Amino acid sequence: MTTWSLRRRPGRMLGLLLLLILGFLVLRRVDWSALVPLWLRHRQLGLQAKGWNFMLEDSTFWIFGGSIHYFRVPREYWRDRLLKMKACGLNTLTTYVPWNLHEPERGKFDFSGNLDLEAFVLMAAEIGLWVILRPGPYICSEMDLGGLPSWLLQDPGMRLRTTYKGFTEAVDLYFDHLMSRVVPLQYKRGGPIIAVQVENEYGSYNKDPAYMAYVKKALEDRGIVELLLTSDNKDGLSKGIVQGVLATINLQSTRELQLLTTFLFNVQGTQPKMVMEYWTGWFDSWGGPHNILDSSEVLKTVSAIVDAGSSINLYMFHGGTNFGFMNGAMHFHDYKSDVTSYDYDAVLTEAGDYTAKYMKLRDFFGSISGIPLPPPPDLLPKVSYEPITPVLYLSLWDALKYMGEPIKSEKPINMENLPVNGGNGQAFGYILYETSITSSGVLSGRVRDRGQVFVNTVSIGFLDYKTTKIAVPLIQGYTMLRILVENRGRVNYGENIDDQRKGLIGNLYLNDSPLKKFRIYSLDMKKSFFQRFGLDKWSSLPETPTLPAFFLGSLSISSTPCDTFLKLEGWEKGVVFINGQNLGRYWNIGPQKTLYLPGPWLSSGINQVIIFEETMAGPALQFTETPHLGRNQYIK
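Basis of the calculations
- Residues numbered from 1 in each chain as written.
- Predicted model: local features only at pLDDT ≥ 70, side-chain atom pairs only at ≥ 80, totals over all residues.
- Heavy atoms only, no water.
- Buried < 20%, exposed > 50% of the residue type's maximum accessible area, 1.4 Å probe, protein only.
- Helix = DSSP H or I, 4+ residues; strand = E, 2+ residues; numbered from the N terminus.
- Pairing = 2+ DSSP bridges.
- Contact = heavy atoms within 4.5 Å.
- UniProt positions renumbered as here; feature names shortened; annotations may be inferred.
- Expected span 1.5 Å × (residues − 1).
- Arc of directions from axis to C-beta.
- pLDDT = per-residue confidence, 0-100.
- Salt bridge = Lys/Arg side-chain N within 4 Å of Asp/Glu carboxyl O.
- Core = buried A, V, L, I, M, F, W, Y, C linked by side-chain atoms within 4.5 Å.
- Polar contact = N/O pair within 3.5 Å; in protein donor to acceptor, adjacent residues only side chain to side chain.
- Phe/Tyr/Trp six-rings, centres within 6.5 Å; stacked < 30°, edge-to-face > 60°.
- Domains from an automatic or database assignment.
- Buried area = accessible area lost by both parts, 1.4 Å probe.

A.B. asks: Got a sec to walk through the pairing of strand 17 (residues 441–448)? Specific residues and values, please.
C.D. replies: In regular strands, side chains alternate between the two faces of the sheet. For strand 17, the tally of buried residues reaches 6 of 8 residues, placing the bulk of the element in the interior. When strand 17 meets strand 20 (residues 469–472), the two strands line up antiparallel, connected through 4 bridges. In the sheet register, Gly 441 faces strand 20, and the bridge partner there is Val 472. Here strand 17 runs beside strand 22 (residues 503–510); their pairing, made up of 6 bridges, is antiparallel. Each residue of the ladder has a partner; that of Val 447, found in strand 22, is Leu 504.

See below:
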């Protein structure tokens, strides 16, 4: 049998070869285009820059866009916000992609729940919106470290946003994963993504002339085939141009429009004009004013941009919320961290309500769309729930015994280099340092960003950027020195992003002598953090609680939960958690006086409320239907 098979094999091979030749001759006559789905046959060219116009295939195309960030909006409300965008007469959604949220630990990716980028993009397509994707790797977006992951700063020589090997290797691995998700969503693959932005406002940073070419190639090598764009403000436009990439501009006034469009013509000739970010408002910083831009001024500038023959993207159409600890900061002359609300005085409010800007812009875009606009969706209901009084309490000092063994170190360790989270350090939250001292004196050190100093459990003041020294009072015997340090947000814009490590940076000195032998607690306040505190760990609330402390209460809801706002009168500074969701920071210095609580994060029945308060506890937690931001909104 074996011998027969061997003898027959040459004949068998010849038969297969004849079949292949015959098949090739037949298939040459097949119209392959007929095998391409009808809905893909017309998607050959995509969005192009031709002369002064954008062209989508063979038709002139105007980009009337608006920015919504999926990671700042509860997933349950994505559809509501996108429908409101469509009803405003816009045709394109723009969104950033936050690397720090999607890769919280090196090589571990999260695109689930509120981070499901693909679901967000496909929902936009379903509603009838095109998409411009802004994947970074740096995005600014008033996010911690401009959206870059903090574990990059474990490298003492790290040079972010350059072709430094340690940075590009991390970007390459991230883009390998991210682009495998993005590529199928492109226009030429049947998806809604018509353009992709190369990095973000690099001209104002401009530390490496090879960097932007590297990012462009990194996108193209991984299958990005749609139109590529850059985006720069007036400070960086002259240095942000990349060969083969269409330059766009960011601005807020008509004066800047004339200046920048003239410059664009001089450097790239006859090309379509695009305002990638027309700022409909601005973000707020703790201790500053609430920024407001009048709706008539917005309409005037938007009209001028379109009349000048330019496409436009409204930044923000809907800002949303810096839930958790995602907010960034600015540090030029003074360090200023961004508030929890990303309301931005945008076209829709933080809770998705209509404004005077919305109505005026809907009328404007409706007048030039040529087709009737869909009706705006109804407003989502709001409720003022009854106030709640916390009934249980756990001081920070009592909580420490449930945290496991602290990290022990001769010297202070900064947050990013703590040996936690699989070696990735700590990204957000608080960090507590303890050491023993035997004398009084002057305490000094670099604290980033705000450190409350305790002798045993008694607060003696704060160290921060302005206050770098503090007197430690006369003590007797063995004394515990403690510093509770808060990361208030890493800088998201500017030249000092490489210097954004948090906690104690370098040595801590008492009378100019470095202190030694520290015990360090990582207080990241993630969901797993609170799982240590079962009900048996809490105590009844005393008349005079020891602070800092956690306070536990419950909100009872008998009907369908609705949106509301938490009002924290009498409380000073801290964080609120509802059913495990971190609503963000509060601080009585304003301008933000309430925290947005989305209805989908509540349930009928009992809802757990935990407040971490640093310095002064209030009597109760109140609820209101309207935010306290000094903001006029349109009630439909």
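A.B. asks: Provide a residue-level description of the environment of Phe 325, including the pertinent values.
C.D. replies: Looking at the element boundaries, Phe 325 is found in the loop between strand 11 (310–318) and strand 12 (329–331). On the basis of relative accessibility, which here comes to 6%, the residue Phe 325 falls in the buried class. It is 8.1 Å that separates the C-alpha atoms of Phe 325 and Asn 582, two residues lying 257 residues apart in sequence. For Phe 325, the contacting residues outside a window of four places in its chain are Asp 144, Phe 428, Gly 429, Asp 524, Met 525, Val 575, Asn 582 and Arg 585.

A.B. asks: Give a detailed account of the UniProt feature "domain: Beta-galactosidase galactose-binding" (unreviewed entry) in the chain, specifying residues and quantitative values.
C.D. replies: Per the UniProt record, the feature "domain: Beta-galactosidase galactose-binding" (unreviewed entry) sits at residues 548–607. For residues 548–607, the end-to-end C-alpha separation is 23 Å, with 0% helix and 55% strand making up the annotated structure.

A.B. asks: Can you break down helix 8 (residues 254–268) residue by residue, with the values?
C.D. replies: Spanning 15 residues, helix 8 covers 21 Å between terminal C-alpha atoms, matching the ideal 21 Å at 1.5 Å per step. The complete set of buried residues in helix 8 reads Glu 256, Leu 257, Leu 260, Thr 261, Leu 264 and Gln 268. Within helix 8, the buried residues cover an arc of 120 degrees as seen down the axis, which keeps them to one side. Facing away from the buried side of helix 8 by over 90 degrees, the exposed positions are Arg 255, Gln 258 and Asn 266.

A.B. asks: Go over the UniProt feature "domain: Beta-galactosidase 1-like first all-beta" (unreviewed entry) in the chain with me, naming the residues and quoting the values.
C.D. replies: The residues that UniProt annotates with the feature "domain: Beta-galactosidase 1-like first all-beta" (unreviewed entry) are residues 425–524. A helix fraction of 0% and a strand fraction of 56% characterise residues 425–524, whose end C-alpha atoms lie 10 Å from each other.

A.B. asks: Break down the confidence of the model for the chain for me, with residues and values.
C.D. replies: Across the chain, the average pLDDT comes to 93, with 92% of residues at 70 or higher. Confidence scores differ between elements of the chain, with helix 1 (residues 2–27) showing the lowest mean pLDDT of 43 and strand 6 (residues 130–134) the highest of 99. Note on residues 1–11: pLDDT is under 50 here. Beyond four places in sequence and across chains, it has 0 contacts. Contacts from residues 20–36, a stretch scored under 50 in pLDDT, to residues over four places away or in other chains number 4 contacts.

A.B. asks: Got a sec to walk through the pattern of salt bridges? Specific residues and values, please.
C.D. replies: In a structure, side chains of opposite charge can pair up when their charged atoms sit close to one another. Counted under the stated rule, the structure contains 30 salt bridges. Its salt-bridge partner being Asp 80, residue Lys 84 comes within 2.9 Å of it at the nearest N-O pair. Of the two residues, Lys 84 and Asp 80 are both situated in helix 3 (residues 78–87); the distance of 4 residues between them amounts to about one turn of the helix. The class for Lys 84 is buried, based on a relative accessible area of 0%.

A.B. asks: Tell me about the nonpolar core, residues and numbers included.
C.D. replies: Judged by nonpolar contacts, the single largest core of 130 residues is most densely connected at Tyr 278, Leu 314 and Phe 317. Element by element, the count of residues in this core is highest for helix 6 (residues 165–182), at 8 residues. In this structure, Phe 317 is in contact with Gly 66, Ser 67, Ile 68, Arg 81, Lys 84, Met 85, Cys 88, Leu 90, Ala 346, Val 347, Leu 348 and Tyr 358, ignoring residues within four places of it in sequence.

A.B. asks: So what's going on with the pairing of strand 24 (residues 518–523)? Which residues, and what values?
C.D. replies: Burial within strand 24 is extensive, with 5 of its 6 residues counted as buried. Sheet topology places strand 16 (residues 430–437) next to strand 24; 5 bridges connect them, and they run antiparallel. Note on strand 24: the bridge partner recorded for Ile 431 is Ser 522.

A.B. asks: Could you give me a rundown of the side chain of Thr 162, with the residues and numbers involved?
C.D. replies: Residue placement: Thr 162 occurs in the loop between strand 6 and helix 6. At a separation of 3.1 Å, a polar atom in the side chain of Thr 162 contacts the main-chain amide nitrogen of Tyr 164.

A.B. asks: Account for the sheet that holds strand 28 (residues 573–578), naming residues and giving values.
C.D. replies: Read from one edge of the open sheet, 6 strands run 25-14-26-31-28-29, paired in antiparallel fashion. The outermost strands of the open sheet, each flanked by one partner alone, are strand 25 (539–540) and strand 29 (581–587). Bridge count between strand 14 (residues 392–395) and strand 26 (residues 549–557): 4 bridges; the pairing is antiparallel. By the bridge assignment for strand 26, Ser 395 is matched with Ala 549.

A.B. asks: Please give an account of the packing of aromatic side chains that cites residues and values.
C.D. replies: With the rule as written, the count across this model stands at 45 aromatic pairs. Judged by centre distance (6.2 Å) and plane angle (70 degrees), the rings of Tyr 96 and Tyr 315 are edge-to-face. Remark: Tyr 315 occurs in strand 11 and Tyr 96 occurs in strand 5 (residues 92–96); sequence separation between them is 219 residues. Pair check on accessibility: Tyr 96 and Tyr 315 agree, each one buried. Residues Phe 167 and Tyr 211 carry aromatic rings whose centres are separated by 6.2 Å and whose planes lie at 45 degrees to one another, so their mutual orientation is tilted.

A.B. asks: Please give an account of the domain arrangement of the chain that cites residues and values.
C.D. replies: Looking at the chain, the domain boundaries give domain 1 (61–320 + 342–369), domain 2 (404–527) and domain 3 (532–624). On the side of domain 3, 14 residues touch domain 1, which itself brings 13 residues to the contact. Together, the buried faces of domain 1 and domain 3 total about 1100 Å²; carbon and sulfur atoms form 69% of this surface. On the domain 1 side of the interface with domain 3, the three residues burying the most area are Tyr 77, Trp 286 and Glu 350, jointly 54% of the side's total. Viewed at the interface, domain 3 and domain 1 are joined by 0 salt bridges. The interface formed by domain 1 and domain 3 holds 2 residue pairs in polar contact (both at pLDDT 80 or more) in total.

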